[in-house]
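Working through the structure, step by step
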Amino acid sequence: MTFDRIRIPGSESRLLPAEKLHGPTVAVTAIMTFAMIVVAAAGLALANAASIVTAGTESKLVVQVPAASAARLPGAVAAVRAIKGVRAVTSVSEEEMRETLERWLGSAAASKDLPVPSLLTVEIEPRANASTVGAGIRKAIPEAGVSAQSAQLKPLVRSIRGLEWLALSLVFLMSTATAAAIVLAARGALDTHRSTVEIMHGIGATDIQVTRLFERKIAVDAIAGALAGLAAAVVVLLLLGGAIAAAAGDLIAGAPLGIGDLLILAAIPVAAVILAVAVAHITLLKALRATL
Amino acid sequence: MRQVRTGGEDELASVVQFESVGLRYGTGAEVLRDLDFTLSKGAFYFLTGASGAGKTSLLKLLYLAQRPTRGRISLFGEDLAHAPRETLPQFRRRIGVVFQDFRLIRHLSAYDNVALPLRIAGRGEAEINSAVREMLDWVGLGDRAGARPATLSGGEQQRVAIARAVVTQPDLLVADEPTGNVDSEMAKRLLHLFDALNGFGTTVVVATHDLGLIASNPGAQLMRLDSGALVDPTGALKNPPRLSPIEGRP
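All of these numbers come straight from a predicted model, not from anything done at the bench.

1. Considerations on the interface of chain A and chain B
Facing 20 residues of chain A, the contacting portion of chain B comprises 21 residues. Roughly 2000 Å² is buried in total at the junction of chain A and chain B, and carbon and sulfur atoms are behind 59% of that figure. With a closest N to O distance of 2.3 Å, A:Asp207 and B:Arg85 form a salt bridge. At the junction of chain A and chain B, the tally comes to six residue pairs in polar contact (both at pLDDT 80 or more). Sorting the residues of the side of chain A that touches chain B by element identifies helix H8 (194–202), helix H9 (207–251) and helix H10 (259–289) of chain A as the ones contributing at least two each. For the side of chain A that touches chain B, the element with the highest residue contribution is H8(A), accounting for five residues. The residue inventory of the side of chain A that touches chain B, partitioned by class, reads nine nonpolar, eight polar and three charged.

2. Brief notes about the pattern of salt bridges
As enumerated under the stated definition, the model contains 14 salt bridges over all chains in all. A:Arg161 is the salt-bridge partner of A:Glu164, the closest N and O atoms lying 2.9 Å from each other. Placement of the pair is A:Glu164 and A:Arg161 together in helix H7 (residues 149–192), with a separation of three residues, close to one helical turn. Note that B:Arg70 and B:Glu30 form a salt bridge whose closest N and O atoms lie 2.7 Å from each other. Taken together, the residues span a long stretch of sequence, with B:Arg70 in strand S4 (residues 70–75) and B:Glu30 in strand S2 (residues 30–40) at a distance of 40 residues. The class for B:Glu30 is partly exposed, based on a relative accessible area of 23%. A network of salt bridges, in which partner residues are shared, links B:Glu19, B:Arg72 and B:Asp79.

Criteria and thresholds
- Residues numbered from 1 in each chain as written.
- Chains lettered and ligands numbered in written order.
- Predicted model: local features only at pLDDT ≥ 70, side-chain atom pairs only at ≥ 80, totals over all residues.
- Heavy atoms only, no water.
- Contact = heavy atoms within 4.5 Å.
- Buried area = accessible area lost by both parts, 1.4 Å probe.
- Salt bridge = Lys/Arg side-chain N within 4 Å of Asp/Glu carboxyl O.
- Polar contact = N/O pair within 3.5 Å; in protein donor to acceptor, adjacent residues only side chain to side chain.
- Helix = DSSP H or I, 4+ residues; strand = E, 2+ residues; numbered from the N terminus.
- Nonpolar A, V, L, I, M, F, W, Y, C, P; charged D, E, K, R; others polar.
- Buried < 20%, exposed > 50% of the residue type's maximum accessible area, 1.4 Å probe, protein only.

The quantities given are spatial measurements derived from coordinates; they are silent on function.
Encoded structure:
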């Protein structure tokens, strides 16, 4: 529909003066498209990260075995494996924990004064009840602390979901701002060419005929702006993408954006143009209907 | 009574009918009041009156640029005083208007300005081309088709405006001081053009102060506005007499 409105006969397109791309529509659409794509990309990447994090933790329990009981670790692992509903048990020994802590604590991590627990990561069967399995573990190793991995990461996931909603809200706000700018641009264009509009009305032009002229100009400006915004966003995302992927790669597996996400991002410039033309159409018709 | 330009039965049909029409702008006094008249199909009318008498306001009502604040206006048999605005374009396409200030679109050539009503009406480019060329030749601007209004003299712009008004061969032609910017020779030529159009059945209403112009067309009706009220010196606005066609008319 939008592109039909751009294709009007050359003779009609000459009714408004041929001008170079200019004015607020190009700049506003470019800036808003750029911002919407970047913010939406961040939101989608966060959504993916949250999904990956939650998917990996929903079926896992973390068991902390105090340092004092380290000697019992092999037996504890065997006992946990024997519990009904447990699919696999991975142990992280005290030595491995100390090696990990050495990155932050240096040689102090090796000090025996520092109590470092051993960890067991318990993967449970999909249909198993985590509470029942946890109770079984506590029975087998009374001194152990048992917690669901998802519970540990819940605050992080909640924060990520919050950021997703923030990104979605920002995209909505930017769309609204774009629409408001288009309203002003359409009214401004109508005021600038008021005499032409009056002449056209006077000799029998319909509101739709007049509207199409302005829609065409706004659509062309919006397309130019959306393409400029898309190009800028692609450059920025490519530059940042490597760093983001590298940073995320240490925490979660997989690319931050999938094919579906890229399609969503590609649809944003198209949506911006459709929004601009639709808003211009409504604004112009409303303004023209206020005249005789 | 002067002979009026009316022909056969259907030429007597009314094109415009005003009943108790009044017009005021905002909360001001009425600029037009109690207008009651009928304009016949194929007739020629001069509208005269002192400056401020309401000529331009009456013309605005005729070419549907203004709605009356009271009364009923019937155009081509339809009551348009309260008609939905969506219906107005189809009636405006049957009306040619020559504005006092020309109202040409400045970035369009003379050709494109004249072609505008035909394009708005959706005519094909071949038809437009022949009609526009013919009309520009008729007003003596065949060689200035590509010129923009800013490069044309006042008289030339006036002629482009007239060509634009008549190119569709409208049922009603409304002209506001159409000869105000042309010399007497061109004024006669333009009046001849209106006359010829009138001969094809177009009802013509010309607002003018030019008594010479009025005198040069003795077959026309005279409408005179005085402080917003209409005086009918020729007495045929309400009940046009049935007379034989004028000499030289088919």
